[in-house]
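Breakdown of the fold
In case you want the letters, here they are:
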Amino acid sequence: MLKEIRPAIVSFLLLTLLTGITYPLLVTGVSQVTMPDKANGSMIIKDGKPIGSSLMGQSFSDPKYFWSRPSATSPMPNNPTSSGGSNLGPTNPALMDAVKGRVQALRDADPGNQQPVPVDLVTASGSGLDPHISPAAADYQLARVARVRNLSPDVVRKLVAEHTEGRQFGILGEPRVNVLELNLALDASH
Amino acid sequence: MSANGLLQIALFLGVLLASTKPLGWYMARVYEGQLPVFVRWIAPLENLFYKLCGVDSKDEMRWTRYALAMLWFALLGVLTVYAMQRLQGMLPLNPQAFGAVSPDSSFNTAISFLTNTNWQGYSGESTMSYLVQMAALAVQNFFSAAAGMAVLVALIRGFARHTMETIGNFWVDMTRSIIYILLPLSIVLALALVSQGVIQNFSAYQTVPTVETITYDNPKMDAAGNPMKDAAGNPVTEKATTKEQVIALGPVASQEAIKQLGTNGGGFFNANSAHPYENPTPLSNFLAMLAIFLIPAALCYTFGSMVGDTRQGWAILVAMTILFVGFLAVAEYAEQNGNPAFTALGVDQSASATQSGGNMEGKETRFGIVNSALFATITTSASCGAVNSMHDSFTPLGGLVPLAQIQLGEVIFGGVGSGLYGMLVYAVIAVFLAGLMIGRTPEYLGKKIEAFDIKMASLVILIPPMIILGGTAIAVLMDAGKAGVANPGAHGFSEILYAFSSAVGNNGSAFAGISANTPFYNAALGFEMFFGRIWLMIPVLALAGSLAAKKRIPASIGSMATHTQMFVWLLIGTVLLVGALNFVPALALGPVIEHLNMSRLG
């Protein structure tokens, strides 16, 4: 019964040192030396200060910006200290109301645009921090952004294209547009 | 499904199956103590380690001693993880100055990580210090995975040996699992993940300015710090604005790697693998999915190699793959079809070159439908429980797939070690059923399967449904159980059923709308996780001991071959039949009713 206590205690301590201290420190050391930007959160730096992360979506509601995906984090949207989805079930009336409201908000911001709304633009992301929208969702908003900013749609289209990533290696994942980077580029362009 | 979707799935299965033989061969050599040349330099350190621990690596254990060693190690794990959470406020590496975690939540989390479940009632980024994450939780990711692998290796020895009383040495099997298998793979995977943007640092949370001023509804708190409610019970809010975003950071990549490789699944952040810092790119997602299945698949080869007939391992792997593809097809189809109620609202859910379409609630743009449904099927056929999309928001049939796979006992690839030992128990049941049909004493791998063996196998098969359904029944009868439900109707029942299935199956994923960080759920699910793990390991070890002691009988013309196509289908049939008999009524009350309701909306 008691014969296994010493191996239990000593191996627990030694293996904790190995896997709980040495291993994370080793990974931190190597990543901080070789890939510091990524290991520290892919921050977007302006004048030496971080002004956001290219992996953290921000919330937009002004018609002059491309809007991100809805975020269900609390208390404010896109809150990285409280990540998560809405967890609303597919037949929950609250989900129908939320989607209806989002479709309406998009139509109000862009009267006359009666195209069907791409689904990712009116459904909350899993993390509540999704930095991307689909190219279809960018396309849906393009005319509005161009009109409010008094830009030609082609200029905006070019910026969208610059911030669109295809599938990785042409195969993996989905094509996507980085909303924060695109909006920062829009603000910087004029 | 699009050609690209099929290509992504084929690529995943191709890479997985190509890695099975080399890794499986390597693990067999490690467990048999015949180290390949390229890792022999570690052996002196391993021996020094045994010396310090007072372990004689040649000292073989009977199954009872093996189980006892495992239990001592588990007990230390529970106590340590509990204590570190309770003392968190006094320990270093806590830049956000988080205080002690509540006693019931600490208990639940300690059991959760010890049992390889990684059910998370808490939200990592607002609860756990960096020290607790890496030195308590991530350590258990290694230990619980290694314990599962050790128990599997003991069971394999039961088949491989004959007329022997012992099944190996727990300390040796556990240590080798960590230092030769889990740790080296974790280091490589962690660095690969950082290259994709997974973070790895010890910085305090970073505050950045937002482009727009954000207006939101802030819940009003009373003097005691509890949210205020109006007469109707709705939270009282006031308008607030912010121009800042506080970005949570931490040593994520090192934890992420072992979380997937050890089929643990506990996220550093609440959003788990949907979080852009845990899973930033399609490649990081591909590596995560591969890491979940890598060891469970390769262990099939290890099994075949150690019992001296690799065809036996391949037969099991083929059965697993067929079951997996079947479930995957249902999940992909249901999620891509989307939510019929949305179409009437003016929403475009069709798949095209510029959007994935489908049911995108709770899913990330970079993963779309293909990789969300694929990840969900992988994480619940393995006992991982990491999620890259929110299962609670899946369509009813899409959500039925994860639920049903957990209830089958996570034997389709399954958890590291635990998946294959579960599947081998099903194999024992399958040969028993076949034996009954033709009136012969069943045999498997040259071992006669007798009454004691069938009793142990039956315990492994019957305990989980009993405590899943029993726990669910109790929860739906109690106010404390119903209080946690977030969605109305049949879906609310599914949330409770999923929670108990996930706990007992040691999966850890959730229909996460349920508020499970309450004393009732923390206690109930804590006990369920414990029984779902330990009470299955003990009969498995007993089975190993019993098999090892038996004589090996040579195959005769009357023996059923267990590497053939017929056996593969027999095994698949056994898994589905046993699972279906146990759970179809409960599934009918949850996802099936909801599916019928949803069809009416469209």
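About the thresholds
- Residues numbered from 1 in each chain as written.
- Chains lettered and ligands numbered in written order.
- Predicted model: local features only at pLDDT ≥ 70, side-chain atom pairs only at ≥ 80, totals over all residues.
- Heavy atoms only, no water.
- Helix = DSSP H or I, 4+ residues; strand = E, 2+ residues; numbered from the N terminus.
- Rg over C-alpha atoms; globule rule 2.2 N^0.38 Å.
- Buried < 20%, exposed > 50% of the residue type's maximum accessible area, 1.4 Å probe, protein only.
- Contact = heavy atoms within 4.5 Å.
- Areas by Shrake-Rupley, 256 points an atom, 1.4 Å probe, with all protein chains shown as cover.
- Lys, Arg positive; Asp, Glu negative; His and termini not counted.
- Charge placed at Lys NZ, Arg CZ, Asp CG, Glu CD.
- pLDDT = per-residue confidence, 0-100.
- Axes fitted to C-alpha atoms, helices over the stretch in contact; angles between N-to-C directions.
- Nonpolar A, V, L, I, M, F, W, Y, C, P; charged D, E, K, R; others polar.
- Phe/Tyr/Trp six-rings, centres within 6.5 Å; stacked < 30°, edge-to-face > 60°.
- Lys NZ or Arg CZ within 6 Å of the ring centre and 35° of its normal.
- Buried area = accessible area lost by both parts, 1.4 Å probe.
- Salt bridge = Lys/Arg side-chain N within 4 Å of Asp/Glu carboxyl O.
- Pairing = 2+ DSSP bridges.
- Patch = residues over 30% accessible without salt bridge, like charges linked within 9 Å, V, L, I, M, F, W, Y side chains within 5 Å.
- Core = buried A, V, L, I, M, F, W, Y, C linked by side-chain atoms within 4.5 Å.
- Domains from an automatic or database assignment.

**Notes on the overall build of chain B**
Counting its regular elements, chain B contains 18 helices and five strands. Rg of the C-alpha trace for chain B: 24 Å, near the compact-globule value of 25 Å for 602 residues, within the 12% margin. For chain B, the spread of C-alpha atoms along the principal axes amounts to about 80 × 60 × 50 Å. Looking at chain B as a whole, 64% of its 602 residues qualify as buried. Counting only contacts in chain B whose residues sit at least 6 apart along the sequence, the fraction spanning at least 24 positions is 79%. For chain B, the exposed surface amounts to about 19900 Å²; the carbon and sulfur share of it is 67%. The centroid of the 29 positive side-chain charges in chain B is displaced by 13 Å from the centroid of its 32 negative side-chain charges.

**A closer look at the confidence of the model for chain B**
The predicted model of chain B has a mean per-residue pLDDT of 94, with 100% of residues at 70 or higher. ipTM for the predicted complex: 0.97, alongside a pTM of 0.96.

**As for the packing of helix H4 (residues 103–114) of chain B against helix H5 (residues 130–160) of chain B**
The packing of two helices is summarised by the inter-axis angle and the distance between the axes. Residue and element names in this part refer to chain B. Orientation of H4 relative to H5, taken along the N-to-C sense of each, is 35 degrees, at an axis distance of 8 Å. Every residue of H5 that contacts H4 at Thr109, Phe113 and Leu114 is listed here: Leu137, Gln140, Asn141 and Ser144. Its residues assigned to classes, the contact of H4 with H5 comprises three nonpolar, four polar and no charged.

**Quick word on the packing of aromatic side chains**
The geometry of two aromatic rings is summed up by the distance between their centres and the angle between their planes. Under the defined criterion, the tally for this structure stands at 28 aromatic pairs over all chains. The interplanar angle of 85 degrees and the centroid separation of 5.6 Å between the aromatic rings of Tyr66 of chain B and Phe170 of chain B together place this pair among those described as edge-to-face. Of this pair, Tyr66 of chain B sits in helix H3 (residues 63–86) while Phe170 of chain B is found in helix H6 (residues 170–196), placing the two residues 104 residues apart along the sequence. Phe170 of chain B shares its class with Tyr66 of chain B; the two are buried. A network of ring pairs unites the aromatic residues Phe12 of chain A together with Tyr66, Phe73, Phe143, Phe170 and Trp171 of chain B as a single cluster. A cation over a ring is seen here: Arg144 of chain A above Trp67 of chain A, with NZ or CZ 4.6 Å from the ring centre. Across from the ring centre of Phe394 of chain B, 4.1 Å away, lies the NZ or CZ of Lys363 of chain B, which sits over that ring.

**Brief notes about the interface of chain B and chain A**
Each side of the interface is counted separately: chain B has 121 residues, and chain A has 107 residues. Where chain B abuts chain A, roughly 8800 Å² becomes buried across the two surfaces, and 66% of that area is made up of carbon and sulfur atoms. Counting across the interface, chain B meets chain A through three salt bridges. Of the charged contacts, one joins Asp130 of chain A and Arg366 of chain B as a salt bridge, the two residues approaching to 3.9 Å between their closest N and O atoms. Grouping the amino acids of the side of chain B that touches chain A by side-chain chemistry returns 68 nonpolar, 39 polar and 14 charged. Inspection of the sheet shows strand E3 (residues 117–118) of chain A paired to strand E3 (residues 347–348) of chain B by two bridges, in the parallel sense. Opposite Pro118 of chain A, over in E3 of chain B, you have Asp348 of chain B as the bridge partner.

**What about a nonpolar patch on the surface?**
A cluster of nonpolar residues, Val318, Ile322 and Trp569 of chain B, forms a patch on the protein surface that exposes about 270 Å² of accessible area. Here Val318 of chain B lies in helix H9 (residues 310–337).

**Describing the sheet that holds strand E4 (residues 132–133) of chain A**
Residues and elements named next belong to chain A. Here three strands make up an open sheet; going across it, the order is E4-E6-E5 and the pairing antiparallel. Two strands bound the open sheet, and with one partner strand each, they are E4 and strand E5 (164–165). Where E4 meets strand E6 (residues 176–178), two bridges bridge the pair, whose relative direction is antiparallel. Of the residues in E6, the one forming a bridge with His132 is Asn178. In the packing of helix H6 (residues 179–189) onto the sheet, the strands contacted are E4 and E6, and the crossing angle to E6 comes to about 55 degrees.

**Digging into the environment of Ile179 of chain B**
Tracing the sequence through the fold places Ile179 of chain B in helix H6. The spacing of Ile179 of chain B and Glu238 of chain B is 59 residues in sequence and 54 Å in space, taken between C-alpha atoms.

**A look at the nonpolar core**
Met423 and Tyr444 of chain B are the most contacted members of the largest nonpolar core, which totals 202 residues. Ranked by residues supplied to this core, first place goes to H5 of chain B with 22 residues. Two domains each put at least three residues into this core: domain 1 (1–40) and domain 2 (42–189) of chain A.

**A closer look at the environment of Val194 of chain B**
Note that Val194 of chain B resides in helix H6. For the pair Val194 of chain B and Glu278 of chain B, spaced 84 residues apart in sequence, the C-alpha separation works out to 9.4 Å. In this structure, Val194 of chain B is in contact with Ser31, Met35, Lys38 and Ala39 of chain A together with Gln200 and Ala253 of chain B, ignoring residues within four places of it in sequence.

**So, the pattern of salt bridges**
Under the defined criterion, the tally for this structure stands at 25 salt bridges over all chains. For Asp154 of chain A, the salt bridge goes to Arg157 of chain A, with nearest N and O atoms at 3.0 Å. One end of the pair is Asp154 of chain A and the other is Arg157 of chain A, both in helix H5 (residues 153–162) and three residues apart, which spans about a single turn. Judged by relative accessible area, Asp154 of chain A falls into the exposed class, the value being 55%. In this structure, Arg29 of chain B engages Glu32 of chain B in a salt bridge whose closest nitrogen and oxygen atoms are separated by 3.1 Å. Taking relative accessible area as the criterion, Arg29 of chain B reaches 15% and is therefore assigned buried. When salt bridges with common partners are traced through the structure, they connect Lys3 and Glu4 of chain A together with Asp59 and Arg65 of chain B into a single cluster.

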